[in-house]
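Residue-level listing of the chains:
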Amino acid sequence: MSFCVKCGKDTENTINGLCAECFVNGRKLTSLPHHVNVSVCANCGDIKYREKWVTKDLEEAIEEAVSDSLDIIKEAEIISIRISYFEQERNTYAAAADSVLDIGGCSAEDTASTLVRLKNTVCKRCSRQLGNYYEAILQIRAGSKSVSQKTMREAMNRAEAIVDGQSVSNRQLFITKTEEVPGGIDIYLSSISLGKTIAKDLSDTYCAETKEAAKLVGQTEDGQEMYRVTYLVRLPDFRAGDVVQFEGRYFKLTRISGSSAKIADIMNFRDRAVKRSDIPSIKVHERSEDLRDATVISKEKGEIQILSPLDYSAVDLRIPDDAEIGETVKVTEIDSVFYYVP
Ligand SMILES: [Zn+2]
Ligand SMILES: [Zn+2]
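Keep in mind the model is a prediction, meaning the values are calculated, not measured.

Calculation rules
- Residues numbered from 1 in each chain as written.
- Chains lettered and ligands numbered in written order.
- Predicted model: local features only at pLDDT ≥ 70, side-chain atom pairs only at ≥ 80, totals over all residues.
- Core = buried A, V, L, I, M, F, W, Y, C linked by C-beta atoms within 7 Å.
- Buried ≥ 20, exposed ≤ 12 C-beta atoms within 10 Å, placed from the backbone.
- Helix = DSSP H or I, 4+ residues; strand = E, 2+ residues; numbered from the N terminus.
- Domains from an automatic or database assignment.
- Expected span 1.5 Å × (residues − 1).
- Arc of directions from axis to C-beta.
- Contact = placed C-beta atoms within 7 Å.

Colleague: Any details on the nonpolar core? Residues and values, ideally.
Modeller: For soluble globular proteins, nonpolar side chains are generally found buried alongside one another. Ranked by size, the top nonpolar core spans 42 residues in total, and within it L138, V233 and V244 carry the most contacts. Here this core takes five residues from helix 5 (residues 192-206), the largest share from any one element. Each of domain 2 (132-235) and domain 3 (291-342) gives at least three residues to this core. With 13 residues, the next largest nonpolar core counts I47, A65, Y93 and V116 among its residues.

The structure is reproduced here in structure tokens:
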């Protein structure tokens, strides 16, 4: 058993010859610097945390900045720390860290305070973006005048969704700008790989024709050749669901991919595959959104009777034997005759 050199009390453990009470008495256990800086991107609101730009709440960033700079004497073990703060003036927060510590089996409390100053700056991504940095241009074009605005917008949304998805794990991926141009949209992208990924996605989704061209634009800081790549994506006129003409017959276009299309004959409902090289000769007869609904009056195996959408007369239509028929069906008109669209 030893004893405290100050108060003389017998104690199990002494710290620098003192009992825990005498050691703690009047001593600063925790300390904070006069102020702590937190860098905030003035453009996107992201915060620099441990030398990296991250998306996080300001509240969380302030608390982390305080707890990261809190200094605790080595003799203490942390039981709990509570950080509080209030905005003292614009971009300056008065913050306090209330700590509960264990020192040689004796619990002690201490408070340290600091000022958290928000520093407005621009993160690397935004500085590139604001500087109009780009490595690739994705040119989305309509293959013909009749490609709907809707398809154009949908392709644009797909491109944006890909960028959003990839930028979560890589902050250097972004859309620099988008421009509407005659016949389509130009999307400027921060990376060549992003351009390639989107062009491939649109090609697979719409069976779009794609071309790429690289241009040497200079050298990088470390002397590498720097290229800019333009990806041209020409969206075809047709989409899955449309009634199309192909080799003199009418089909429903059931599916398209980057390599082929599947079509179902409107007259006999037989499926056919169209290979990629033949796809450009597909012509739209009626878009899926323009197909008319006809009310079903009666149904039998292989045949239904509908009300003509033109004059409400009764019309017989052939249907596939296994067709599931509801109260209405989609029909298309070919040479003044209605056909069931599967
Ligand atoms: Zn003592
Ligand atoms: Zn930013």
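Colleague: Outline helix 2 (residues 58-69), listing residues and values.
Modeller: Under the 1.5 Å per step criterion, the end-to-end length of helix 2 is 17 Å for 12 residues, consistent within 8% with the ideal 16 Å. All of the buried residues in helix 2 are A61, I62, A65 and V66. Mapping the buried residues of helix 2 onto a view down its axis gives an arc of 130°, with all of them on the same face. Residues of helix 2 that are exposed and angled more than 90 degrees away from the buried face: E59, E60 and D68. Residues of helix 2 that are buried in the fold lie against strand 4 (35-41), strand 5 (47-49), strand 8 (77-89), strand 9 (92-103) and strand 10 (106-121).

Colleague: Talk me through unusual backbone geometry; I want residue IDs and the actual numbers.
Modeller: For residues besides glycine, phi is generally negative; the peptide bonds are generally trans as well. Phi is positive for N132, close to 60°, though the residue is something other than glycine. Mapped onto the secondary structure, N132 falls in the loop between helix 3 (124-130) and strand 11 (136-142). Of note, S336 is a non-glycine position whose phi angle comes to about 65°, a positive value. By the C-beta count within 10 Å, which is 6 here, S336 ends up exposed.

Colleague: So what's going on with helix 5? Which residues, and what values?
Modeller: Taking 1.5 Å per residue, 15 residues should reach 21 Å; helix 5 reaches 21 Å between its end C-alpha atoms and fits that length. Listing the buried residues of helix 5 in full gives L194, G195, T197, I198, A199, L202 and Y206. Taken together, the buried residues of helix 5 touch strand 11, helix 4 (149-167), strand 13 (184-189), strand 14 (209-219), strand 15 (225-235) and strand 17 (249-256). Looking one or two residues beyond helix 5, the residue adopting positive phi is C207, at roughly 55°.

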